[in-house]
Amino acid sequence: MPPPLGGHGARGFMSEEEKASLPKVTPALLKRVFSCLTPYWKQLILTLLCIILSSVFILLPSILTGKIIDEGLIGRNLSKLIFYLALSFAVTLGANLIQVAESYINTWIAQHITFDMRNTMFTHLQKMSQRFFTSNNQGDIITRMTGDISGVEQVVTSTFSSILSNSITLVVALVAMFRKNWILALLGIIIVPAFTLPTRRAGKTRWSITREAQECTDEINGILNETMSVSGQLLVKLFCREDHEYGKYRDVNGRLIRLHIRESMAGRWFRVVLSLFTNIGPMLLYLVGGILMMRYDSSLTVGDITVLVALLGKTYGPVNSLLNIQVEWMRSMALFTRIFEYFDMPVEIENIPGALVPKKATGSVKFTHVDFSYEPDRQILKDVNFTLESGHSVAIVGPSGSGKSTIINLIPRLYDVTGGSVTFDGVDVRHLDLAFLRRNVGVVTQDSYLFNGTIRENLLYARPDATEQDLLDACGKANILDFILAQPDGLDTMVGNRGLKLSGGEKQRVSIARVLLKDPALLIFDEATSALDSISESKIQEAIDPLIESRTSILIAHRLSTILAADEILVVKEGQIVERGQHRDLVKAGGVYTELYETQFSRALENEDTEQETGQEK
Ligand code: ATP
C-alpha cells in the first residue's frame, strides 16, 4: 500500500510518516549545514556568479524575439534580422557554456563535501566501541555512510542551485514582462498557478509510486542480502527452502514491475497535462494581447506579445520547482540531521589526555573488583579479581555464557569496566595509550575472522613490514606451514569470503600465525568450542604450547590439555570467579570444576584417546 499522502501545498508530496519525522530546522542546524560549505566559499561565489549570468542569459533570446519580429521581420530589415539572430545565438551559446562551468563547479563542491563527510564519518565510526557495532543494525550504518551522504550531494548540486537559479530566472522574467505590458504580465501571473496545480497532482501520484517502488527495491535487496550470503545459502539449501525463497523474490519482483509500469504511465499523463497547459497559456496571451493591440493599445506590437509568450514559457519551470522546493529542502535537512546524529555520538572509548605510552610491555594483568554490564539492567561480571604475573598463564573455564569472553574483552578495552579496575603492566588500562595497549595484547578469537584475500595479505595485516622469512617462520610455529606449502599458490592462496575456503582448524592456525607476527606481550587465546577432529586439535595444541611457554597468556579453555598447560585455573560461573587453583586440587573439590571435568573435559579426553588409537590402528 502506498503511504498516505498529506493535504495540499508544498508538503502535500510528503507521507504522514515523513511529516512526523521531519527534522526541526533550527538556526543551529542551518549554521552547521552551512559550515560544511564554508571551506569552499571561493568556489561557491563562482557558482553564484555562473547562476546569475546563465539565468539572465537564458532569458535574453526570448526578449530578443520581439526585436527580431518587430525590427527585423515586420520592419523588413535584413541586417537587423541577422544581427539579432546572431546575438540570440551567441547569448544562447554563452548561457549553455556558463551552465557547463556551473555544473562542473557544483559537482566539484558537492563531491568534495561528501568526500569530507564520508571520511569524517569513517574515522568517527572507527572510534566507536564494540557496543555500538553490536547494538546497531549494520544496514543502517551502511545506509548512512552511502545513501544519506549521497543524498547530501544531491542537495548541494540540485537544491541549493535550484533555489538560486529559479528565483533569479523568475524575477528577471517577471520584471521583463511587466516592462513590456503590465496587463499581459498580470494575466501571465494568474495563468502560472493554474498550470502548476494539475501538474502538482500528477507529481504527487508519481511520488507515491516512487516511494512504493523504493520500498520494493529495499525488500528485494533484503532478500538478496540474506539468501545470497554464504551462511544464508547454506540455511536455504539445508532446509530445502529454495522454492519458498524464489516465491518471495518473484512476488516482490512482480510488484516492482507493476509499479514501474504505473510510474511510467503517471509520467505520461504528467506530460499531457504539461503540454496542455503550456499551450493554453500562450493562447490566452495571444487572445488578450490581440484584443489589446487591435482595440485599445496601439503601441503594443506583435513582437511584444511574442516576447511575453516566450517569457511566460520560461516561468513555468521555476515556479513549479520553487513550489516543490520546500519538500526537497525538508528532506535535505532530514538527511543532514541523520548524518549529524552519527557525528555527535560520543566516542565511548578513547585516549585520555596525556595517556601513558610505556617503553616496553611485559603483559601482566590485574583485575580488581571488576563489575561489568553490557546493558544497564543486567550485570554480567560481578567482583572479578585475579592477577596474572608476567611470563605466567591462566586458563579461564566455565559453562557457556558465564562471562569468559567478556572478561578478556575488558583487557584491550573493547569495553570499559563499570566498576573496579583492570590494569596492564600495573597501569589502569584507561590511562594507557589505546594504540600501545592494543599493540601489546594479541587475541586469537574463537571464530577467527579472515578478510577475503590471500593468506599473505591476512598475515601482513598484523605486521605490514614482515619479510617473507618472518611469514614462513610464523606459519611454521603456528603449525600451518605444511598446509600452505601444499597449496599451488602457497602464501598467495585465496582464503575466500570470511576465510570460508579454509577449515575451522586451518583458519584458527592462520590467525595464530597472524598473532605471532604481531608478537604481543600478552596473548589471549579463545579456544574454539566447536569440535575439531583430534588431528586438527593436536596441531593447534602444538601451535599454542610454545607460545604459552614463552609469554604471558590467558586461555579460554575447553580442552583438558590446554587447561593443564596453564599455571592457574580460574573457574567462572554467572560472572563470578567461583573457584581457582590447580587441576589436581580443583578436580577433587567437588564444585563447578569437578562437574565440568566430568561432563566435558574427561569426555573430550576419552574421544581424543579413542581417535588417536584409531589413527594408530590405521
Ligand atoms: P561461551 O563459552 O559460550 O563463548 P562466554 O562464557 O564467553 O560463553 P560471554 O560471551 O562472555 O560468555 O557472555 C556472557 C553473557 O553476556 C551472556 O549471557 C551473553 O548473552 C551476554 N552478552 C555477550 N555479549 C553481549 C553484548 N554485546 N551485549 C549484550 N549482552 C552480551
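Residues numbered from 1 in each chain as written. Predicted model: local features only at pLDDT ≥ 70, side-chain atom pairs only at ≥ 80, totals over all residues. Heavy atoms only, no water.

## A closer look at the sheet that holds strand S9 (residues 568–573)
Sheet strands pair via backbone hydrogen bonds, and the direction of the pair is either parallel or antiparallel. Ordered by their spatial adjacency, 6 strands build an open sheet running S6-S7-S8-S3-S9-S10, and the pairing between neighbours is mixed. Every other strand in the sheet has two partners, leaving strand S6 (441–444) and strand S10 (576–581) as the edge strands with one partner each. Within this sheet the neighbouring strands show an average axis-to-axis angle of 20°, counted without direction. Alignment of S6 against strand S7 (residues 522–526), held across 4 bridges, turns out to be parallel. (Pairing = 2+ DSSP bridges. Helix = DSSP H or I, 4+ residues; strand = E, 2+ residues; numbered from the N terminus. Axes fitted to C-alpha atoms, helices over the stretch in contact; angles between N-to-C directions.)

## As for the packing of aromatic side chains
Throughout the structure, instances matching the rule amount to 12 aromatic pairs. Ring geometry for Phe 372 against Tyr 374: centres 4.9 Å apart, planes inclined by 85°, an arrangement best described as edge-to-face. Using a relative accessible area of 29% as the deciding quantity, one classes Tyr 374 as partly exposed. The ring of Phe 340 carries the charged tip of Arg 32 above its face, separated from the ring centre by 4.2 Å. (Phe/Tyr/Trp six-rings, centres within 6.5 Å; stacked < 30°, edge-to-face > 60°. Buried < 20%, exposed > 50% of the residue type's maximum accessible area, 1.4 Å probe, protein only. Lys NZ or Arg CZ within 6 Å of the ring centre and 35° of its normal.)

## What about the site of the ligand?
Around the ligand, the structure places 15 residues, and the nearest of them are Arg 378, Ser 400, Lys 404, Ser 405 and Thr 406. The separation between an oxygen atom of the ligand and a polar main-chain atom of Gly 401 is 2.9 Å. Measuring from an oxygen atom of the ligand, one finds a side-chain N or O atom of Ser 405 at 2.6 Å. Relative to its unbound accessible surface of 630 Å², the ligand loses 70% to contact with the protein. A class-by-class count of the residues in the shell around the ligand yields 4 nonpolar, 8 polar and 3 charged. (Near = heavy atom within 4 Å. Polar contact = N/O pair within 3.5 Å; in protein donor to acceptor, adjacent residues only side chain to side chain. Areas by Shrake-Rupley, 256 points an atom, 1.4 Å probe, with all protein chains shown as cover. Nonpolar A, V, L, I, M, F, W, Y, C, P; charged D, E, K, R; others polar.)

## Points about the nonpolar core
Within the largest apolar cluster, 38 residues are counted, with the highest numbers of intra-cluster contacts made by Val 397, Leu 459, Ile 512, Val 571 and Tyr 593. Formed by 34 residues, the second largest nonpolar core is a distinct cluster that contains Ile 380, Ile 396, Phe 436 and Val 441. (Core = buried A, V, L, I, M, F, W, Y, C linked by side-chain atoms within 4.5 Å.)

## Some details on helix H3 (residues 41–74)
Here H3 contains 34 residues, and its C-alpha end-to-end distance of 49 Å stays within 8% of the 50 Å for a straight helix at 1.5 Å per residue. Residue Ile 68 marks the point of greatest curvature in H3, where the axis turns by about 30°. Positive backbone phi, at 55°, marks Arg 76, one or two positions downstream of H3. (Expected span 1.5 Å × (residues − 1). Bend = angle between axes of the 7 residues up to and from the residue.)

## Regarding the packing of helix H14 (residues 468–477) against helix H16 (residues 504–518)
The interhelical angle for the contact between H14 and H16, taken along N-to-C directions, is 125°, at an axis separation of 8 Å. The orientation of H14 with respect to H16, classified from their angle, is oblique. Of the two elements, H14 crosses H16, and the hand of that crossing is right-handed. Residue-level contacts link Asp 470, Leu 471, Ala 474, Cys 475 and Lys 477 of H14 to Ala 513, Leu 516 and Leu 517 of H16. Tallied by class, the residues present in the contact of H14 with H16 amount to 6 nonpolar, no polar and 2 charged. (Parallel < 35°, antiparallel > 145°, perpendicular 65-115°, else oblique. Left-handed = near helix turned anticlockwise from the far one by under 90°. Contact = heavy atoms within 4.5 Å.)

## Focus on the packing of H3 against helix H4 (residues 78–127)
Relative orientation of the contacting elements H3 and H4 amounts to 160°, with a least axis distance of 8 Å. By the angle class used here, H3 and H4 are roughly antiparallel. For H3 against H4, the interelement crossing comes out left-handed. Here the residues of the contact of H3 with H4 sort into 23 nonpolar, 9 polar and 4 charged.

## Examining the sheet that holds strand S4 (residues 419–424)
Here we have 4 strands laid out as an open sheet, ordered S2-S1-S4-S5, and antiparallel in their pairing. Strands at the two margins of the open sheet, each flanked by one partner only, are strand S2 (381–388) and strand S5 (427–428). Strand direction decides the pairing type here: strand S1 (residues 365–372) and S2, joined by 5 bridges, are antiparallel. Looking at the pairing, Phe 372 lines up with Leu 381 of S2.

## Observations concerning the pattern of salt bridges
All chains considered together, the criterion is met by 13 salt bridges. We note a salt bridge from Glu 71 to Lys 80, for which the minimum N-O separation is 3.4 Å. Of the residues examined, Lys 80 reaches a relative accessible area of 36% and is grouped as partly exposed. Among the salt bridges present, the one from Arg 551 reaches Asp 519, with a minimum N-O distance of 3.0 Å. Highlighted residues: Arg 551 in the loop between helix H17 (534–550) and strand S8 (552–556) and Asp 519 in the loop between H16 and S7, separated in sequence by 32 residues. For Arg 551, a relative accessible area of 14% puts it in the buried group. Among the charged side chains, a network of salt bridges with common partners joins Lys 67, Glu 71 and Lys 80. (Salt bridge = Lys/Arg side-chain N within 4 Å of Asp/Glu carboxyl O.)

## Focus on a nonpolar patch on the surface
On the surface, a cluster of nonpolar side chains totalling about 600 Å² of accessible area is made up of Leu 276, Ile 280, Leu 284, Leu 287, Ile 291 and Tyr 296. On the secondary structure map, Tyr 296 appears in helix H9 (residues 242–296). Residue Tyr 296 is classed as exposed on the basis of its relative accessible area, which comes to 66%. (Patch = residues over 30% accessible without salt bridge, like charges linked within 9 Å, V, L, I, M, F, W, Y side chains within 5 Å.)

## A closer look at unusual backbone geometry
Within the chain, Asp 425 stands out as a residue other than glycine whose phi angle is a positive 55°. Here Asp 425 is to be found in the loop between S4 and S5. Owing to a relative accessible area of 21%, Asp 425 belongs among the partly exposed residues under this scheme. Here the phi dihedral of Asp 519 falls at roughly 55°; this positive angle occurs in a residue that is not glycine.

## Here we look at the pairing of S4
Counting buried positions along S4 gives 5 out of 6 residues, so the element sits mostly inside the fold. Relative to S4, S1 runs antiparallel, the two sharing 5 bridges. Bridged to Val 365 within S4 is Phe 424. Pairing between S4 and S5: 2 bridges, direction antiparallel. Bridging across to S5, Thr 423 finds its partner in Asp 428. The hairpin formed by S4 and S5 contains 2 residues between the paired strands, and Asp 425 there has a positive phi angle of roughly 55°.

## Considerations on the confidence of the model for the protein
In this model, the protein carries a mean pLDDT of 81, and residues with pLDDT of at least 70 account for 86%. Confidence scores differ between elements of the protein, with helix H1 (residues 16–20) showing the lowest mean pLDDT of 55 and S1 the highest of 94. The low-confidence segment residues 1–13, where pLDDT is below 50, has 42 contacts with residues more than four positions distant or belonging to other chains. Low pLDDT, under 50, characterises residues 610–618; the predicted model gives this stretch 2 contacts beyond four residues in sequence or across chains. (pLDDT = per-residue confidence, 0-100.)

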